Amino acid sequence: YIGRYEAGDKESTVEKIMRNENSSETNTITIKKGQVPYNWITYKNAKILAEGMNEKQGYATTFTKLISSYAWDVAINFIQVKNDNYGTEPEVGNYRDIEFSYEDLNGDVQTKVYWTNPLLVPTGQTSEVSKIYDMGGNLYEYTSERNLSNEFPYVVRGGHYGCASYEVPTVNRSNALNKLSYYGFRVTMYIK
């Protein structure tokens, strides 16, 4: 199954600070609501963390890895049973053109206003459909899929907090660089 939330950073969440370009790429990965999203990470380190999560944190799974584009599409198809336009025209999500309320790292309710400055929010605050969160906006998510291009070798899915929902909807598939602030990741778990 796919992680219900984007990957979170346990140590940054405890410190109540969002990650930045100087954040450690070896912090503990979490899959829980209200975590600091694990961004500012290279593809290589996101892959390493995702693949070792089951062993390091004692999950009863055969193995864990980055989400694949196939799993992303299957999740969207599942979600579209309840919300038929979720993949192409999300009604909720952390995009610049959507206003919503969320809980910050202190548990206080905040409102992100329509077309305000880009703002990353904690995991599990947006896009909830069928108990799956964060697929609409917040962060592009690295996938296990690779691109043949040397210039943009990584494939990311979804959109991010700095774009409009109609520019990069949930079904979006983009080629990416490495370690920019708006790239995060999601873990797939294989159960015994």
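It should be emphasised that the depicted structure is a prediction, and the values quoted were computed from it without experimental measurement. (Residues numbered from 1 in each chain as written. Predicted model: local features only at pLDDT ≥ 70, side-chain atom pairs only at ≥ 80, totals over all residues. Heavy atoms only, no water.)

**Student:** What exactly am I supposed to notice about the pattern of salt bridges here?
**Tutor:** A side chain of one charge can pair with a side chain of the opposite charge if their charged atoms are brought near each other. For the coordinates displayed, the defined rule picks out six salt bridges. Between Glu25 and Lys179 there is a salt bridge, and its shortest N-O distance comes to 3.2 Å. Taken together, the positions of Glu25 in the loop between α1 (10–15) and β2 (29–30) and Lys179 in the loop between β9 (173–176) and β10 (183–185) put the pair 154 residues apart, joining distant regions of the chain. Here Glu25 falls in the buried class, since its relative accessible area comes to 14%. (Salt bridge = Lys/Arg side-chain N within 4 Å of Asp/Glu carboxyl O. Helix = DSSP H or I, 4+ residues; strand = E, 2+ residues; numbered from the N terminus. Buried < 20%, exposed > 50% of the residue type's maximum accessible area, 1.4 Å probe, protein only.)

**Student:** Is there a simple way to explain the environment of Thr126 in this structure?
**Tutor:** With respect to the secondary-structure elements, Thr126 resides in the loop between β6 (109–112) and β7 (140–146). Distance in space between the C-alpha atoms of Thr126 and Val92 is 6.5 Å, their sequence separation being 34 residues. In this view, Thr126 contacts Gly93, Asn94, Phe100, Val121, Tyr133, Asp134 and Gly136; residues no more than four positions away in its chain are not counted. (Contact = heavy atoms within 4.5 Å.)

**Student:** I'm lost on the sheet that holds β7 in this one. Help?
**Tutor:** Either a parallel or an antiparallel arrangement is found when strands of a sheet pair, and the pairing is made through backbone hydrogen bonds. With respect to topology, four strands assemble into an open sheet ordered β9-β8-β7-β10, the strand pairing being mixed. Looking along the sheet, the strands with just one partner apiece sit at the ends: β9 and β10. Here the strands of the sheet are splayed against their neighbours by 50 degrees on average, with no regard to which way each runs. Looking at chain direction, β7 and β10 are connected through three bridges and run parallel. Paired with Tyr142 across the bridge in β10 is Phe185. (Pairing = 2+ DSSP bridges. Axes fitted to C-alpha atoms, helices over the stretch in contact; angles between N-to-C directions.)

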